[in-house]
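A look at the structure
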Amino acid sequence: MKKMLMATAFAAAAALAACGPNANEQAATPPSEQSADAMTPVVAPVDPAAKTLEFATKTANGDMIEVETSKIALTKTKNAEVRKFAQMMITDHTKISSELKAWAGKTTVALPAALDGVNMATVENIKNADAAGFDDRYLDTIIDSHEDAVESFRDYAENGQEADLKAWATTTLPKLTTHLNEAKTLRDKVNAAENKSG
């Protein structure tokens with residue numbers, strides 16, 4: 001009996017010795033030598049609905065900024081060209097906003113009814129601007145907003161998942177690009193005139 005117990009203990013010890021080094025080697029294996037699968041980060045898939053909601057919300061806010069700042073420009077600018085441009089912004093972005101709302105009405109997407117705090121601050125900045133340099137500040141705001149919008153519309157036109165909204169982004173993008181270019185040209189003229197008079 002004693003011999004049998006000793007033999008069993010010896011076998012168990014031998015088995016542990018055989019397993020030990022492999023386990024230690026695995027634990028000591030540096031991350032760089034582990035398998036690629038074990039190191040690959042898990043990337044969450046893009047939610048098409050989230051991308052569509054983000055684009056629609058961003059567009060709605062952008063339209064409200066364009067319209068509200070342009071209404072202010074109509075009352076504060078003394079430049080006929082800036083006034084004409086501001087009126088075009090109101091007309092075009094009211095139309096774009098209506099088209100977006102018509103699309104949203106056929107979906108479950110809820111568009112913002114009013115500007116949030118950050119975007120409202122942009123409008124307040126224009127409202128509180130001094131008469132001197134007003135046109136430049138207004139046009140800077142329009143340019144910044146349109147640069148953001150052009151990038152957003154281009155991205156959704158190329159990568160959007162909702163077919164109707166994607167088609168609308170594609171057809172609306174050229175108008176926004178035209179707005180951006182006209183605003184830049186007008187700002188250059190305004191700045192040149194101010195530099196000349198100064």
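In this report, we go over the structure that sits alongside the text.

1. Some points on the overall build of the protein chain
Within the protein chain, the regular secondary structure consists of seven helices and zero strands. Shown N-terminal to C-terminal, the secondary structure of the protein chain runs as helices and strands in the order α-α-α-α-α-α-α. Within the protein chain, the fraction of its 198 residues that count as buried is 32%. Long-range pairs, those at least 24 residues apart, make up 77% of the contacts in the protein chain between residues at least 6 apart in sequence.

2. Some thoughts on helix H4 (residues 80-104)
Between its first and last C-alpha atoms H4 spans 36 Å; for 25 residues at 1.5 Å apiece the expected length is 36 Å, and the two agree. Structurally, the start of H4 carries an N-cap: the backbone nitrogen of Glu81 is 2.8 Å from a side-chain oxygen of Asn79.

3. Concerning the nonpolar core
With 39 residues, the main nonpolar core has Phe85 and Tyr138 as its most contacted residues. Looking at which element gives the most residues to this core, the answer is helix H6 (residues 134-159), with ten residues. Those residues in contact with Tyr138 that lie beyond four places of it in its chain are Thr69, Ser70, Ala73, Val82, Phe85, Ala86, Met89 and Ile126.

4. Remarks on the side chain of Thr172
Tracing the sequence through the fold places Thr172 in helix H7 (residues 163-197). Of the polar contacts made by the side chain of Thr172, one reaches the backbone oxygen of Trp168; its length is 2.8 Å. For Thr172, the residues in contact, after removing those within four places along its chain, are Ile96, Glu99 and Phe153.

5. Some thoughts on the packing of helix H3 (residues 48-76) against H4
Packing of H3 against H4 brings their axes to within 8 Å, and their N-to-C directions diverge by 150 degrees. What the angle tells us is that H3 and H4 run roughly antiparallel. Judged by the twist between their axes, the crossing of H3 over H4 is left-handed. Each of Thr52, Ala56, Thr59, Ala60, Asp63, Glu66, Val67, Ser70, Lys71, Ala73 and Leu74 in H3 lies in contact with H4, whose residues at this interface are Arg83, Ala86, Gln87, Met89, Ile90, His93, Thr94, Ile96, Ser97, Leu100 and Trp103. Within the contact of H3 with H4, the residues separate by chemical class into eleven nonpolar, seven polar and four charged.

6. A word on the environment of Met64
Here Met64 shows up in helix H3. Residue Met64 is classed as buried on the basis of its relative accessible area of 19%. Measuring from C-alpha to C-alpha, the distance between Met64 and Ile90 comes to 9.3 Å, with 26 residues separating the pair along the chain. When residues no more than four places from it in sequence are discounted, the contact partners of Met64 are Pro112, Ala113, Ala114 and Leu115.

7. Here we look at the layout of surface pockets
A water-sized probe, rolled over the atoms, reveals where empty space remains. The space that makes up the largest pocket amounts to roughly 260 Å³. In this structure, the largest pocket is lined by 18 residues; those nearest its centre are Lys58, Asn61, Gly62, Ser145 and Asp148. Examining the composition of the lining of the largest pocket, we find that eight residues originate from one element, H3, more than from any other. Looking at side-chain class alone, the lining of the largest pocket contains five nonpolar, nine polar and four charged residues. If you list the elements that add at least two residues to the lining of the second largest pocket, you get H3 and H4. Here the lining of the second largest pocket takes six residues from H4, the largest share from any one element.

Quick notes on the rules
Residues numbered from 1 in each chain as written. Predicted model: local features only at pLDDT ≥ 70, side-chain atom pairs only at ≥ 80, totals over all residues. Heavy atoms only, no water. Helix = DSSP H or I, 4+ residues; strand = E, 2+ residues; numbered from the N terminus. Buried < 20%, exposed > 50% of the residue type's maximum accessible area, 1.4 Å probe, protein only. Contact = heavy atoms within 4.5 Å. Expected span 1.5 Å × (residues − 1). Polar contact = N/O pair within 3.5 Å; in protein donor to acceptor, adjacent residues only side chain to side chain. Core = buried A, V, L, I, M, F, W, Y, C linked by side-chain atoms within 4.5 Å. Axes fitted to C-alpha atoms, helices over the stretch in contact; angles between N-to-C directions. Parallel < 35°, antiparallel > 145°, perpendicular 65-115°, else oblique. Left-handed = near helix turned anticlockwise from the far one by under 90°. Nonpolar A, V, L, I, M, F, W, Y, C, P; charged D, E, K, R; others polar. 1 Å grid on protein atoms, 1.4 Å probe; cavity = no way out; pocket = protein on both sides within 12 Å on 5 of 7 lines; lining within 4 Å. Points joined across faces, edges and corners; volume = space filled by probe spheres on them.

Geometric descriptors of this kind do not, in isolation, establish any biological role.
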